[in-house]
Every structure is written in C-alpha cells, then in structure tokens.
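# An overview of the molecular structure
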Amino acid sequence: MRVELINTGSELLLGRVLNTHHHWLAQQLARAGYALAHQQTVPDTGDAIQSATREAIARAELVLVTGGLGPTGDDLTRQRIAELLDLPLEEHAETRDRITAHFKNRNRPLHKTILVQAQVPAGATVLRNDHGTAPGLALPTPRGWLILLPGPPRELRPMFTQAVAPLLAEKLPPENPITTRTLKTIGIGETTVEQRITPALTEWIAAGLEIGYCARAGEVDVRLTASGEGAADSIAQAEAIVREKLGAHIYGVDDEQLEEILIRKLTASGQTLAVAESCTGGLLAHRLTNVPGASAVFLAGHCTYSNVAKQNTLGVQPETLAEHGA
C-alpha cells in the first residue's frame, strides 16, 4: 500500500512556519503500520493543490492533505478537491449548526463567509472538529481514500487520533504492516554504533530488517524496521543483539527523551538535582521542568549569564574566569 502526504501552505515554503505535520503524521502512520512513501509541500494556490492531489491519488491508496479548509480567500483545498473529483459542494447541516453555536457561545459575530466551512463535497465522510470550526473530510478514490485535514496542529492532531485512525483501521487496514523500534544512545558516535551492530545483524538484514541511524548532538538513534508476518519477533531479536553490543550507551526507546529518563531514575533512587548554567541560558532547567513529575527531584536552576552573577551566586573565583573564560 502506498501512502502519500501533501502539506499545503505558502508559509511553509517561505520558511515562516515550521512544517510539523510531516514529522507528527509520519510517526502516527508508522505506529499504525503504514509506511509513508512520499511527502510534498505545495503553495496555497488552487492549481498547485489540485495538481498535486491528482497525481497522488493516481498512484497511492491513501493520500492525506493538510490545510486550506478554513474560511479565508486562500483556503482553496475543499473547493479544488471537489472540482478534481467532479463532486458538487453541499451544505452539511450539522457542521453549519456547530459553527453557528461556536460563535454564539463566544459572543462573536458570525460573518457569512465563515459558513463556507460547512460546504462539503457530496458523499464525503465529515470528520468532526472539536477544536475548531473547519471539519475534516474523507473521500473514497478509485484506489483507496483521500483524507483532508485542517492546518492548525491543535485541530489536526486530535482529529487524526479520534477520527482518521479508526476510519483507516476499518476501511483501509495496512496490507503488510510495519513494525519499528528505536533505541536511543548517548556517548557513542554514529560510525562506531554501525560498526558494532551491523556484523551481528547480517542474518536479519538479509531477511528484510532495515536499520537506520539518526545522529544529534551527543546522541545517536538506531531505528529497526521490519514488515509482514513475524516482524515483531524479528525486531525483538534484533533489539536484543543491539542492546548486547551497545550496552549502557542505550538510555531509552522510541519517543523517550533523555530528560525523562533522568527524572525517572532520580525519582526511583530518591535523589535530587540542581543545575547551574551560563551559555545555555536556562535550557537545561527548561528541558528538565518540562517533564511531568520533575518537581519531586528538581530543586533549583541558576542561570548565571554574567561573570558577576557567576561569582556572586555560584562562588566562581575571578581568577578562574580570567584564566579559562566564561
């Protein structure tokens, strides 16, 4: 099964907004057993949206399009997709009533143009938006399904989780579901990681196991991917080998963050933590306090940016600063 993602928005192409949809949706699809084969970003022009969608639905069983479902003049996705599929737009009464109630409850004027969001292609499955006014849409195509999602992440993400994922599981389950496992390491280089584990995984690689690496500052992720029957067993056996070869360099799995592991271990051992920072500008304290439950172990963070603050708050000696610098 081929899966494609189209993100609409000139602001994405101009670099004014970070495209988080690709990252988040690819993760959600992979967890559900789908492999994203192609992603593209197109401007807000109707021709670009229509052309990209036409090509995608001709070669993919599942196509997701984000953005362009709002009420403004550059929100063209709904109209141009309806034209592409030769479907008339019809008013969806439930959506119209929900939009009207949304504005009434907030004592805001309801401009006529806002109700364009209640216009949906005939035969579309309307995906309720509990965090905004523009509904999502699911449309059958000759090869499978076309899913239209609103652009704001706070609307898109719960809609995908609550409505799209169940719909796909029912209407378009993955034919050859993929299984992935990511092992997160620290204190070891990417090349060393590969040299340690690849020879030991030759048998699994020959059987279809895929290994990927993602290096960041001080960290390297090892991604194991397999598909089809027995994929989970293959991943489990490969993970055991990687753990044997990399040992204590592995600190977590999948979406776990280093600060989450640190807080968890400190909590379990009854230990506490304080940080003193300078050039990081409070970044350590910020990452640590973003972890739920950090207050049980995190006592304080000192952001001593100036030399005077380092001396007065931390007791750093002037001679040390003079010799070594900040």
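Residues numbered from 1 in each chain as written. Predicted model: local features only at pLDDT ≥ 70, side-chain atom pairs only at ≥ 80, totals over all residues. Heavy atoms only, no water.

### Considering the overall build of the protein chain
What counts is decided by this rule: Numbering of helices and strands runs from the N terminus; a helix is a DSSP stretch of H or I covering at least four residues, while a strand is a stretch of E covering at least two. With a 1.4 Å probe rolled over the protein chains alone, any residue whose accessible area is under 20% of its type maximum counts as buried; one over 50% counts as exposed, and the rest are partly exposed. Note on definitions: a residue-residue contact is assigned when non-hydrogen atoms from the two residues lie within 4.5 Å. When charges are counted, Lys and Arg contribute as positive and Asp and Glu as negative, whereas His and the chain ends are disregarded. Just so you know, the charge point we use is NZ for Lys, CZ for Arg, CG for Asp and CD for Glu.
Within the protein chain one finds 13 helices and 14 strands. The principal-axis extent of the C-alpha atoms belonging to the protein chain is close to 75 × 60 × 35 Å. Every one of the 326 residues in the protein chain was classed for burial, and the buried ones make up 40%. Summarising the internal contacts of the protein chain: among those between residues at least 6 apart in sequence, 67% fall at separations of at least 24. Treating the 29 positive side-chain charges of the protein chain as one cloud and the 36 negative ones as another, the clouds have centres 5 Å apart.

### A look at the layout of surface pockets
The criterion, for reference: The method works on a 1 Å grid over the protein atoms by themselves. A cavity is a set of points holding a 1.4 Å probe that cannot get out, a pocket is an open set with protein on both sides within 12 Å along at least five of seven lines, and residues with an atom within 4 Å of a point line them. Grid points are joined across faces, edges and corners, and a volume is the space filled by probe spheres set on the points. Here the nonpolar group is Ala, Val, Leu, Ile, Met, Phe, Trp, Tyr, Cys and Pro; Asp, Glu, Lys and Arg are the charged ones; every other residue, Gly included, is treated as polar.
Taken as a whole, the largest pocket holds about 950 Å³ of empty space. Looking at the lining of the largest pocket, the elements that each hand over two or more residues are α2 (20-31), β9 (178-186), β10 (210-216), β11 (219-227) and α9 (231-246). Element by element, the count of residues in the lining of the largest pocket is highest for α2, at seven residues. The residue inventory of the lining of the largest pocket, partitioned by class, reads 14 nonpolar, 13 polar and nine charged. In this model, the second largest pocket occupies a volume close to 400 Å³. Surrounding the second largest pocket, 27 residues form its lining, Gly67, Gly68, Pro150, Gly151 and Pro152 being those nearest its centre. For the lining of the second largest pocket, the secondary structure elements donating two or more residues are α1 (10-13), α2 and α6 (153-171). A class-by-class count of the residues in the lining of the second largest pocket yields nine nonpolar, 13 polar and five charged.

### A few points about helix α4 (residues 77-84)
Extensive coverage of α4 is indicated by the burial of six of its eight residues. Following α4 by one or two positions, Asp86 has its phi on the positive side, about 55°.

### As for the pairing of strand β1 (residues 3-8)
Rule in force here: Strands qualify as paired when DSSP identifies two bridges or more between them.
A large share of β1 lies buried, amounting to six of its six residues. Two elements, β1 and strand β2 (residues 36-42), share six bridges in a ladder whose sense is parallel. Paired with Ile6 across the two strands is Gln40, which belongs to β2. Summarising the sheet, β1 and strand β3 (residues 62-66) pair through five bridges and their orientation is parallel.

### Notes on the environment of Ala274
Topologically, Ala274 is positioned in strand β13 (residues 273-277). The exposure class assigned to Ala274 is partly exposed, which follows from its relative accessible area of 48%. A sequence separation of 72 residues divides Ala274 from Thr202, and the C-alpha atoms of the two residues are 45 Å apart.

### Digging into the sheet that holds β11
Applied cut-off: Here an axis means a line fitted to C-alpha atoms, over the contact stretch when the element is a helix, while the angle between two N-to-C directions is reported on a 0 to 180 degree scale.
One open sheet accounts for four strands, arranged β10-β11-β9-β12; its pairing is antiparallel. Each having just a single partner strand, β10 and β12 (250-253) make up the two edges of the open sheet. Across the sheet, the mean angle separating the axes of adjacent strands is 25° when strand polarity is ignored. Alignment of β9 against β12, held across three bridges, turns out to be antiparallel. Within β12, the position partnered with Lys184 by the bridge is Gly252.

### Section: α6
Worth spelling out the cut-off: What is called the bend at a residue is the angle between a pair of axes, fitted to the seven residues leading up to and ending at it and to the seven starting from it.
Of all the bends in α6, the largest measures some 45° and sits at Phe160. Three or more residues of α6 are buried, namely Glu155, Leu156, Pro158, Met159, Phe160, Val164, Leu167 and Leu168. Buried-residue contacts for α6 involve α2, β3, β6 (125-127), β7 (136-140) and β8 (145-149).

### Brief notes about the packing of aromatic side chains
Going by this rule: Stacked, edge-to-face and tilted are the three classes for Phe, Tyr and Trp ring pairs, Trp counted by its six-membered ring, which pair at centre distances within 6.5 Å; planes under 30 degrees apart are stacked, over 60 edge-to-face, the rest tilted.
Inspection of the entire model under this criterion finds one aromatic pair. Ring centres 5.9 Å apart and planes at 85° place the aromatic pair Trp24 and Phe160 in the edge-to-face group. Here Phe160 lies in helix α6 and Trp24 lies in helix α2, a separation of 136 residues in the sequence. Residue classification places Trp24 among the buried residues on the basis of a relative accessible area of 13%. In this structure Phe160 comes out as buried when scored by relative accessible area, which is 4%.

### Some details on the confidence of the model for the protein chain
Formally: Confidence of the prediction at every residue is given by pLDDT, a number between 0 and 100.
With 100% of its residues at a pLDDT of 70 or more, the protein chain has an overall mean of 93. The element-level mean pLDDT for the protein chain is lowest in helix α5 (residues 93-105), coming to 89, with β3 highest at 98.

### Some details on the sheet that holds β8
An order of β2-β1-β3-β8-β7-β6 is seen for the six strands of this open sheet, with the pairing classed as mixed. Lying at the two open borders of the sheet, with one neighbouring strand each, are β2 and β6. Pairwise comparison of adjacent strand axes, ignoring direction, gives a mean angle of 15° for this sheet.

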